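Chain residues, written in single-letter form:
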Amino acid sequence: MARTMSHGPKRLPLIILSALFAAVLGFASPGRAQDGLTTITVEGSSKAESPAAASRAIVQSMTTSVARQQVLDIVGEKAYQKNKSLIENRIVKEAYKFIPFVTPVGAPVARGNSYKMQVQLRVAVDSLRQMVIDSGLLFDTEGPAAILPMVSLVDRVRGQEYRWWVGQKEAPGQAFIRQASRDLHQALFREFNRQGFYVIRPTTAGLMGVIPDVYRAERHRPEDLRFLGELYNAQMIVRGDIRFRESTDIAGGYQIAIKISAVQAANARSVGEVTRNFEIEAGAFETVARAKLQTALADVAKDLGVQVVDAWAKGALGSNLMRLSLRGKLSPRQLGSFKTQMLKHVREVKSVRERIIEADGVTFEIDYAGQAQQFSDRFKSLILPGFAMRHAGSSGNGVTMDIKAQ
C-alpha cells in the first residue's frame, strides 16, 4: 500500500547509513525473505548541493520517518511520547532490522532550491511488532493489562465441580480440581507475565470474598463481565472450562477437554480462544491426570498468549468492532488506496478487514478505538485524499458511505 509523506533530511547512525547506501546502489540486505513485507512509497526533499548527496539524504530521512510512523501506528501517540527516547534509540535507529529494502524511485528532481525524490521501502511489520513487544512498549502508561481467570473445573470421573468465584466450601474429593484450578492460574501467570501482562490469581490473593452474591453464577452475561472487570481492575477475562472424563478411545484411560477464551471485560469481545483435548493413559486417575495436566496447561496458556499478544499488537484490545459499508465501484488498487488513507488519517482505526465484497460495494470490519456514535460522527465528516464520500446512514455499530474515486 502506498503512503505519501514529505519530510526534511535527518542524520542516521553509521550502521544504518551502511544499509541505506547499499539500498541506493540497488542491493538488498542479505538473508531476509521478501514474503510478508509491506511496500510503502514516500517522497522527501533535500537542499543538498548535488543529486547524489540529495539522494542519500532523502533515503536516510525517509527511512527514519517511515520507521517512526510505523512505531506510532502500533503504540499510539501517548506511548510514543512517554517512551520517545527508548523508541528512537532502540527501534528507529535500528530500522534496518525491519526495513530491509530501500530503493529510490527515479533520480532526484530539482525544484526551486531543493531536490525531491520518491523512495520505496519494504517494511517487515511482524518483525517491527516483535521489537516493540520485546521493548515492552505495547502496554498502557498505567501499567500492564490485567487478566482475570474465571474457568470452571468439572470432574466427571468423580462427579465434582469447582468455580472459585462461587465461594463454595471445599467438599470431600475436591482437592484435586481445586489444585487444578490453581495450576491453571499459575500456567496463565507464567505465560502472560513473560509477555508483559499481569494475571490476577484470586485463589492465592484472597480475593474470592469480594464478589457480590448476585455475580456468583456459573455463567455470566456481558454486563456481568463488565462489572467484574471493573471490580478487579481487569481489562480481560479468561473464561471457559476444563473437563475431566473417562476416555472413549483408551481402555481405562481418561481425557482432559479444555475450552477457554480471552475476552475484553468491557464488551465481552473475544480476542483469543483455545480448544484442546488430551488423552491420558490408564492408571490411578489423580496421578496420571495431574502429570498430563502440567504439560497441557502450559501448551494451552502459550496458545492463548500468542493470540492475545497478536490482538494487542494490532490494536484490537480496547477497541470495538465496527462495520463500514462503501457503496460505489472501486478497483482493487483504489480499494487498497482507501484502506491506506483511512489507516493514515483515522488514528482510531486499528485494523481493517474486508468481510463482504460485491460488484457495487464492499463492507469492512474495523477495530475502532471508540464507541458507535463516535465512529459514526468521525466518518460523517471524514475527508480522504482521492475520494469523494457522502454519509448514507448509520445503524447500530455500522456506517454506510457512498464513495467515488477522484
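The structure presented is a predicted model; accordingly, all values stated were derived computationally and were not measured.

Participant: Just give me the short version of the overall build of the chain, but keep the residues and values in it.
Facilitator: Scanning the chain from N- to C-terminus turns up 10 helices and 14 strands. Taking all 406 residues of the chain together, the buried fraction comes to 48%.

Participant: A description of the pairing of strand β4 (residues 146–155) should follow, citing residues and the corresponding values.
Facilitator: For β4, the buried fraction is high: 10 of the 10 residues fall into the buried class. Residues Ala146, Leu148, Met150, Ser152 and Val154 line one face of β4 and the alternating positions Ile147, Pro149, Val151, Leu153 and Asp155 line the opposite face, and both faces are buried. Alignment of β4 against strand β6 (residues 198–199), held across two bridges, turns out to be parallel. Residue Ile147 lies in a different strand from β6, and its bridge partner there is Val199. Bridge count between β4 and strand β7 (residues 236–246): nine bridges; the pairing is parallel. Bridging across to β7, Val151 finds its partner in Gly240. With three bridges joining them, β4 and strand β5 (residues 160–162) adopt antiparallel strand pairing.

Participant: If you had to explain helix α5 (residues 175–195) to someone new, which residues and values would you point to?
Facilitator: The terminal C-alpha atoms of α5 lie 31 Å apart, and with 21 residues this matches the ideal 30 Å at 1.5 Å per residue to within 8%. Backbone geometry just after α5 places Gly196 at a positive phi near 100°.

Participant: Which residues make up helix α9 (residues 332–345), and what values go with them?
Facilitator: The terminal C-alpha atoms of α9, which comprises 14 residues, lie 20 Å apart, in line with the 20 Å expected from a rise of 1.5 Å per residue. Of all the residues in α9, the buried ones are Leu335, Gly336, Phe338, Lys339, Thr340, Gln341 and Met342. Contacts made by the buried residues of α9 are with β10 (320–327), β11 (349–358), β12 (361–368), α10 (372–380), β13 (387–395) and β14 (398–405).

Participant: Go over the pattern of salt bridges, please, and point to the residues and values.
Facilitator: For the structure shown, the criterion picks out 20 salt bridges. Between Glu191 and Arg194 there is a salt bridge, with the nearest N and O atoms lying 2.8 Å from each other. Taken together, the positions of Glu191 and Arg194, both in helix α5 and three residues apart, correspond to about one turn of that helix. Accessibility expressed as a relative area gives 10% for Glu191, which makes it buried. Through salt bridges that share partners, Arg269, Arg353, Arg355, Glu365 and Asp367 make up one connected network.

Participant: I'd like a description of the sheet that holds strand β1 (residues 38–46), backed by residues and values.
Facilitator: The strand order across the open sheet built from three strands is β1-β3-β2, with neighbouring strands paired in antiparallel fashion. Where the open sheet ends on each side, the last strands, each with one partner, are β1 and β2 (101–111). Neighbour-to-neighbour, the strand axes of the sheet open up by a mean angle of 15°, direction not taken into account. Relative to strand β3 (residues 114–123), β2 is paired through eight bridges, and the arrangement is antiparallel. Residue pairing in the sheet places Val102 in a bridge with Leu121 of β3.

Participant: Describe the sheet that holds β14, listing the residues and the values that go with them.
Facilitator: Strand order in the open sheet formed by five strands is β11-β12-β10-β14-β13, and the pairing between neighbours is mixed. Edge strands, defined here as strands with exactly one partner in the open sheet, are β11 and β13. Taking the axes of each pair of neighbouring strands and ignoring which way they run, one obtains an average angle of 25° across the sheet. Its contacts with the sheet put α9 on β10, β11, β12, β13 and β14, and the angle it makes with β11 is roughly 155°. Sheet strands touched by α10: β10, β11, β12, β13 and β14. Its angle to β10, the strand with the most contacts, is close to 30°.

Participant: So what's going on with the side chain of Gln174? Which residues, and what values?
Facilitator: Looking at the secondary structure, you find Gln174 in the loop between β5 and α5. The class of Gln174 is buried, set by a relative accessible area of 3%. Within polar-contact distance, the side chain of Gln174 engages the backbone oxygen of Glu161 at 2.8 Å. If we ignore the near neighbours within four places in the chain, the residues touching Gln174 are Gln160, Glu161, Gln168 and Lys169.

Participant: So what's going on with unusual backbone geometry? Residues and values would help.
Facilitator: Although it is not a glycine, Asn233 adopts a positive phi angle of roughly 55°. Within the secondary structure layout, Asn233 lies in the loop between α7 (222–232) and β7. Even without being a glycine, Ala268 presents a positive backbone phi close to 60°. As for its position among the elements, Ala268 is in the loop between β8 (254–264) and β9 (270–280). Residue classification places Ala268 among the buried positions, given a relative accessible area of 18%.

Participant: So what's going on with the packing of aromatic side chains? Which residues, and what values?
Facilitator: Enumeration according to the criterion identifies 13 aromatic pairs in this entry. For the pair Phe192 and Phe197, a centre-to-centre distance of 5.9 Å together with 90° between the ring planes defines the contact as edge-to-face. Take Phe192 and Phe197: they sit in the same class, and that class is buried. Here Phe338 and Phe364 contribute two aromatic rings whose centre-to-centre distance is 5.9 Å and whose plane-to-plane angle is 15°, an arrangement assigned as stacked. Residue Phe338 is located in helix α9, and its partner Phe364 is located in strand β12; the two are separated by 26 residues in the primary sequence. Judged by its relative accessible area of 1%, Phe364 is buried. Here a set of aromatic residues connected by ring pairs shows up, and it is made of Phe176, Phe244, Tyr254 and Phe285. Against the face of Phe189 rests Arg201, its NZ or CZ located 4.0 Å from the ring centre.

About the thresholds
- Residues numbered from 1 in each chain as written.
- Predicted model: local features only at pLDDT ≥ 70, side-chain atom pairs only at ≥ 80, totals over all residues.
- Heavy atoms only, no water.
- Helix = DSSP H or I, 4+ residues; strand = E, 2+ residues; numbered from the N terminus.
- Buried < 20%, exposed > 50% of the residue type's maximum accessible area, 1.4 Å probe, protein only.
- Pairing = 2+ DSSP bridges.
- Expected span 1.5 Å × (residues − 1).
- Contact = heavy atoms within 4.5 Å.
- Salt bridge = Lys/Arg side-chain N within 4 Å of Asp/Glu carboxyl O.
- Axes fitted to C-alpha atoms, helices over the stretch in contact; angles between N-to-C directions.
- Polar contact = N/O pair within 3.5 Å; in protein donor to acceptor, adjacent residues only side chain to side chain.
- Phe/Tyr/Trp six-rings, centres within 6.5 Å; stacked < 30°, edge-to-face > 60°.
- Lys NZ or Arg CZ within 6 Å of the ring centre and 35° of its normal.

Don't take any of this as a statement about function, it's just geometry.
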